[in-house]
Amino acid sequence: MSAAYRDTRADVDTAAIRRNLSKIRRRFPASVRLMAVVKADGYGHGAIESAEAALAAGADMLGVALLEEAVELRERGIRLPILVLAPVPPRYAELAAALDIRLTVTEADWFRQREEFRRQSGAPRGGGTRTPNGPPLRVHVKLDTGLGRIGLRTREEWEQIVPWLKREDVVAEGLFTHFATAGWADASFVKKQYERFIRMTEWARSSGIHSALLHCCGSASSLRFPEMSLDMIRIGAAAYGFYPSALAPQWELEPALTLRSALIQAKRVSAGDTIGYDRAYTARGEEWIGTVPIGYADGWSQIMQGGEVLVGGRRAKIVGRIGMDQLTVRLPGPCRAGDPVVLIGSQGGEKISCAEAASRAGIVPQEITASLTGRMQRNYEPEFGSEALTKEEYAWKPKQNVLRR
Ligand SMILES: *Cc1c(COP(=O)(O)O)cnc(C)c1O
């Protein structure tokens, strides 16, 4: 969004992303490569800005979920190697190779289909097979060790893919897997998956594929089990300060996003007055209700109903239904339109972390930031931090409501 005329915005501290990744980079040996995962628009923090922070932190590679995300990074001038972490339709293999984008492969049939597309697209011009003399296609083979989403599982499937990996125009650059329970206190299934992965990588060795990078750890497992880091770690959530802090307290990573707004109305209501769609909230007595211009069309979903925001340095409960554009809160006292609201972050002495808001809604913190829509203004001004008001400025002061009720 080019201009914003609304006080609702996400302030993104790209320096925090850089510091988080630098801290992780520094605590692993130099032989462990660092992939910064910037899919889903950098978990809602901005893909380009996150990629630049990752570059500054010494990341070796970027990870994305979609080919379009990789292409956009290239179009915006990002030159780091990029891996698309899930299979893309084989007809886009040439595009990926031309842009030095690595692809994830899981089966021999993908390569067969790629060959068909090549033959077809080469045919109209002279009828011969197009000779692949462009850059090689770099691939990482995904192995399913227990997550059950993507990846080859059997030795047979491996043996079928090997001849394709050995072709001249293909580089088998990596072998990887992904854990199902890295955030659980009980590490036994992670260990089981790790052992399976190591056994499966032996297949590669016995097939004569020796130089592939082995990687299995995302954020939670990298921070908790550095001994499993192998050749590369894939860090997404932790770059943005999301990690199982109870299980890995030594890391002290910083959140990078503050979500702010300001009241567009504050009013006094009486016992029995109802608020919002379906009259979902009824005032029990004389109460102050504030209206905040953020709703589910901004990514602040109705699952956040019953949560809290900060107004005047104090917590205010979200009451009534969250609408498309607005939500309502029960204020701790008199307020007026324009008073700052913090949905994620600190105000005065109070703080609502993304983790707190997420756990109340029963989701993971990155779902909150990744759900922020294009209508949400992102602010990267480096000086936004200076806006953070002091405790005194936010100290509770009853204010005269401008709208008389
Ligand atoms: C998203 C993703 C990651 C990053 O996971 P985090 O827990 O956010 O660090 C790593 N690996 C794969 C395959 C992914 O899809």
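The preceding data block contains the structure.
Since this is a predicted model, take the numbers as computed values, not measurements. (Residues numbered from 1 in each chain as written. Predicted model: local features only at pLDDT ≥ 70, side-chain atom pairs only at ≥ 80, totals over all residues. Heavy atoms only, no water.)

A. Representation of the overall build of the protein chain within the structure. Each helix and strand counted, the protein chain has 12 helices and 20 strands in total. Within the structure as shown, the protein chain displays about 19000 Å² of accessible surface, and the carbon and sulfur contribution to it stands at 49%. (Helix = DSSP H or I, 4+ residues; strand = E, 2+ residues; numbered from the N terminus. Areas by Shrake-Rupley, 256 points an atom, 1.4 Å probe, with all protein chains shown as cover.)

B. Main features of the pattern of salt bridges. With the rule as written, the count across this model stands at 28 salt bridges. Linking Glu94 and Arg118 is a salt bridge whose minimum nitrogen-to-oxygen distance equals 3.3 Å. Taken as a pair, Glu94 in helix α5 (residues 93-98) and Arg118 in helix α6 (residues 108-122) lie far apart in primary sequence, 24 residues in all. Overall, the relative accessible area of 26% leaves Glu94 in the partly exposed class. Where Arg138 meets Glu173, a salt bridge forms, and the shortest distance between an N and an O atom there is 3.5 Å. Of this pair, Arg138 sits in strand β6 (residues 137-142) while Glu173 is found in strand β7 (residues 170-176), placing the two residues 35 residues apart along the sequence. (Salt bridge = Lys/Arg side-chain N within 4 Å of Asp/Glu carboxyl O. Buried < 20%, exposed > 50% of the residue type's maximum accessible area, 1.4 Å probe, protein only.)

C. Seen up close, the site of the ligand. Around the ligand, a shell composed of Val37, Lys39, Tyr43, Leu85, His178, Gly218, Ser219, Arg234, Ile235, Gly236 and Ala237 is seen. The side chain of Tyr43 places a nitrogen or oxygen atom 2.5 Å from an oxygen atom of the ligand. When residues of the shell around the ligand are traced back to their parent elements, those giving at least two are α2 (39-43) and β9 (232-235). Within the shell around the ligand, the residues separate by chemical class into five nonpolar, four polar and two charged. (Near = heavy atom within 4 Å. Polar contact = N/O pair within 3.5 Å; in protein donor to acceptor, adjacent residues only side chain to side chain. Nonpolar A, V, L, I, M, F, W, Y, C, P; charged D, E, K, R; others polar.)

D. Expanded view of the environment of Gly77. In this structure, Gly77 sits in the loop between α4 (67-75) and β4 (82-84). For Gly77 and Ile48, which are 29 residues apart along the polypeptide, the C-alpha to C-alpha distance reads 9.1 Å.

E. The side chain of Thr8, seen in detail. Along the chain, Thr8 falls in the segment before β1 (9-12). Within the structure, the side chain of Thr8 is placed 2.7 Å from the backbone oxygen of Pro293, a separation counted as a polar contact. Once residues lying within four places of it in the same chain are set aside, the contact partners of Thr8 are Arg260, Ser261, Pro293, Ile294, Met376 and Gln377. (Contact = heavy atoms within 4.5 Å.)

F. A look at the packing of aromatic side chains. By the definition in use, this model includes four aromatic pairs. Ring plane angle 85° and centroid distance 5.2 Å describe the contact between Trp110 and Phe111, whose orientation is recorded as edge-to-face. Overall, the relative accessible area of 7% leaves Trp110 in the buried class. One aromatic cluster is present, formed by Trp110, Phe111 and Trp164 through successive ring pairs. The ring centre of Trp251 lies 4.6 Å from the NZ or CZ of Arg27, which sits over that ring. (Phe/Tyr/Trp six-rings, centres within 6.5 Å; stacked < 30°, edge-to-face > 60°. Lys NZ or Arg CZ within 6 Å of the ring centre and 35° of its normal.)

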